[in-house]
Amino acid sequence: MDYSQFMIMHQEIGLLVVFLLVFLFDTFLSKNVQSKLSVVACVLFGAFTVYSFIQPVEVGEAFAGMYATSPIVGAIKNILNIGMFIVLLQSIKWNNSESQIVRRGEFIELMLLTLFGMYLMVSARHFMLFIIALETASLPLAAMVAFDKKTYESHEAAVKYLFTAMFSSAIYMLGISFVYGLSGTLYFGDIAQQVAGAETDFLLYVALAFVIAGVGFKISLVPFHLWTADVYQGAPTSVTSYLSVISKGAAAFASMVILTQAFGALYSQVWEWMLYALIILTITLGNLFAIRQNNMKRFLAFSSISQAGYIMLGVIANASVGMAALSYYVLIYIFSNLAAFGVIQAIENAKGKIDMSDYNGLYKTNPKLAFAMMLAMFSLGGIPPFAGFFSKFFIFSAALQEGSVAMYVLVLIALINTIISLYYYLLVVKAMFINPNDNPIESFKSHWSERAGLVICVAGIIIIGLVSCIYVCLTDAANVSMMF
């Protein structure tokens, strides 16, 4: 074996170094020193994230073409790193709590392990490697969802997440077995050549439907979303925030790579119309069910389902422009959604309150938290001049470049749903600033790590949409990559 090919995997190797350092710190140092583990892990991962941005990523392959990297792949991994760093930062107080302290190291190590699997998902160009990466990213999450061992809802959420992961993997691998039987290969590029040069078989339609269904479970597309809200509600809030942005973003990136690299020749014949239907259902039903929620975690669960539909608009757009728009959308979604979860976690850790009705009059007692939540809702709803407006603008623009009548109708439906989403996002703002409350949440000072996470998220919401060079850099990276 030529071990020099490992050198193009410098992001994966760097992540493994962070994982090993955290593991050794947790295993061998004294309990007094271990109390600093969460902070040390955050610093180590922050340094690794900076290194990943500084170190250029070149186009290359490894392991006979099973693994590939390029500038846009490196940018995608850096976007996931940003979200991971914010989640680690916001979880420091919870991870040092009395109920969590004995599992503090395991929580961080499992998060790093799932991120490693997501790295491989994005870089995989062979279905065997992709399945290994998928399970590496999925199975530790089931343990993370069940971390709150004394809560029945956490146990229920873990069981439902595990069943969902099992079903999605089984459906996905069944589809892959059909693809292998028809094409005789598991390489994305070879599959594309086989399906492009042969007559379309009905079994290929079935196989692709299974593949899209398996990916749909990971992204929480309708109708594969049924247990998503239960998992979000039962899991610890730090885990929920991780599921809502990092896991969903990695699955969206991987699905675009699979559909464009392996099945791009079948776009207009097969999966274009499949995704049209899934996107419309996902955006519409996610919005309608979000209106009915009072629990803030379930509220954001249905919000994330709706956001998944918008994310998938990038998948059906022109390949390079769509990948740039999708990457930009996920970047802004990370800041917006983690800002909302940061406020929820700060209030839950301090007061144990999680319902929207508890937020009535929050501005009077905790104006800074109310302001951060307001910006998060405005950005998620796409209100200008916040970053969420620009992310929706670019993803709609990328989708419209295809130029078909069906795409114009799809974008129109998405725009109408954006108006619906504004209604339920403004319900939270109304609760905090307008609704009366004789007994509002008492004024409190959140933990320094929670404040730091919120400052980063608020800065991202305000600044990123106005810094056009970020989108330009993502577009250039997508254009020069060999992926497209």
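Keep in mind that what you see is a predicted model, and the values were worked out from it rather than measured. (Residues numbered from 1 in each chain as written. Predicted model: local features only at pLDDT ≥ 70, side-chain atom pairs only at ≥ 80, totals over all residues. Heavy atoms only, no water.)

Undergrad: Sorry, what's going on with unusual backbone geometry here?
TA: Excluding glycine, residues mostly carry a negative phi; peptide bonds, for their part, are mostly trans. A cis amide bond, omega 5 degrees, links Pro-384 with the succeeding residue Pro-385. With respect to the element layout, Pro-385 can be found in the loop between α17 (367-381) and α18 (387-400). Notably, Ser-220 is not glycine yet its phi reads approximately 70 degrees, a positive angle. Relative to the assigned elements, Ser-220 resides in the loop between α10 (202-219) and α11 (228-234). (Helix = DSSP H or I, 4+ residues; strand = E, 2+ residues; numbered from the N terminus.)

Undergrad: Sorry if this is basic, but what is going on with the nonpolar core here?
TA: For soluble globular proteins, nonpolar side chains are generally found buried alongside one another. In this structure, Phe-127, Tyr-242, Phe-263, Met-373 and Met-377 are the most contacted members of the largest nonpolar core, which totals 176 residues. Looking at which element gives the most residues to this core, the answer is helix α15 (residues 319-351), with 21 residues. Leave out the neighbours within four places in its chain, and Met-373 touches Met-296, Ala-340, Val-343, Ile-344, Tyr-359, Val-428 and Met-432. (Core = buried A, V, L, I, M, F, W, Y, C linked by side-chain atoms within 4.5 Å. Buried < 20%, exposed > 50% of the residue type's maximum accessible area, 1.4 Å probe, protein only. Contact = heavy atoms within 4.5 Å.)

Undergrad: So what exactly am I meant to see when it comes to the packing of aromatic side chains here?
TA: For any pair of aromatic rings, geometry is given as the distance between the ring centres together with the angle between the planes. Following the criterion strictly, the structure yields 19 aromatic pairs and no others. With 5.9 Å between their ring centres and 35 degrees between their planes, Phe-378 and Phe-386 make a pair best called tilted. Classification of Phe-386 by relative accessible area gives buried; the value is 17%. Clustering of aromatic rings is evident, with ring pairs tying together Tyr-328, Phe-389, Phe-390, Phe-393 and Phe-394. The positively charged end of Lys-392 is found above the aromatic ring belonging to Tyr-310, 4.8 Å away from the centroid. (Phe/Tyr/Trp six-rings, centres within 6.5 Å; stacked < 30°, edge-to-face > 60°. Lys NZ or Arg CZ within 6 Å of the ring centre and 35° of its normal.)

Undergrad: I would appreciate a short explanation of the pattern of salt bridges in the present structure.
TA: Opposite charge on two side chains lets them pair, provided their charged atoms get close. Using the criterion set out here, one finds five salt bridges in the structure. With a closest N to O distance of 2.8 Å, Lys-160 and Glu-156 form a salt bridge. Here Glu-156 and Lys-160 lie together in helix α8 (residues 152-183), a separation of four residues that amounts to about one turn. A salt bridge links Lys-351 to Glu-442; the nearest nitrogen and oxygen atoms lie 3.9 Å apart. Of the two residues, Lys-351 is situated in helix α15 and Glu-442 in the loop between α19 (405-433) and α20 (448-463); the sequence distance between them amounts to 91 residues. On the basis of relative accessible area, Glu-442 is assigned to the partly exposed category, the value being 39%. By sharing partners, the salt bridges in this structure join Glu-156, Lys-160, Asp-230 and Arg-298 into a single network. (Salt bridge = Lys/Arg side-chain N within 4 Å of Asp/Glu carboxyl O.)

Undergrad: What is the right way to read a nonpolar patch on the surface from this model?
TA: On the surface, Leu-139, Val-159, Leu-162, Phe-163, Met-166, Phe-167, Leu-226 and Trp-227 cluster together into a nonpolar patch covering about 760 Å² of accessible area. Counting through the fold element by element, Leu-226 comes out in the loop between α10 and α11. Classification of Leu-226 as exposed rests on a relative accessible area of 65%. (Patch = residues over 30% accessible without salt bridge, like charges linked within 9 Å, V, L, I, M, F, W, Y side chains within 5 Å. Areas by Shrake-Rupley, 256 points an atom, 1.4 Å probe, with all protein chains shown as cover.)

Undergrad: Even after reading the chapter, I still don't get the packing of helix α12 (residues 237-261) against α15, so can you show me in this structure?
TA: For any two helices packed against each other, the geometry is given by the interaxial angle and the distance between the axes. Following both chains from N to C, one finds α12 and α15 inclined at 175 degrees, their axes separated by 9 Å at the closest point. Classified by the angle between their axes, α12 and α15 sit roughly antiparallel to one another. For the contact of α12 with α15, the residue count by class is 14 nonpolar, ten polar and two charged. (Axes fitted to C-alpha atoms, helices over the stretch in contact; angles between N-to-C directions. Parallel < 35°, antiparallel > 145°, perpendicular 65-115°, else oblique. Nonpolar A, V, L, I, M, F, W, Y, C, P; charged D, E, K, R; others polar.)

Undergrad: I'm lost on the side chain of Asn-95 in this one. Help?
TA: In this fold, Asn-95 is placed in helix α5 (residues 92-95). Among the polar contacts listed, one links the side chain of Asn-95 to the side chain of Ser-38, at a separation of 3.1 Å. (Polar contact = N/O pair within 3.5 Å; in protein donor to acceptor, adjacent residues only side chain to side chain.)

Undergrad: How should I be thinking about helix α3 (residues 37-54) in this particular structure?
TA: Three- or four-residue spacings in an α-helix give side chains the same orientation, since the helix completes a turn every 3.6 residues. Its 18 residues place the ends of α3 26 Å apart at the C-alpha level, agreeing with the 26 Å of an ideal helix rising 1.5 Å per residue. Looking at the buried residues of α3, the elements they touch are α1 (10-28), α2 (31-34), α4 (71-90), α5 and α6 (104-123). (Expected span 1.5 Å × (residues − 1).)

Undergrad: Teacher, can you tell me more about the side chain of Thr-237 here?
TA: Along the polypeptide, Thr-237 turns up in helix α12. Look at Thr-237 and you get buried, because its relative accessible area is 5%. A polar contact of 2.3 Å, which involves the side chain of Thr-237, links it to the side chain of Glu-348. Excluding its chain neighbours within four sequence positions, the residues that come into contact with Thr-237 are Lys-297, Phe-341, Ile-344, Gln-345 and Glu-348.

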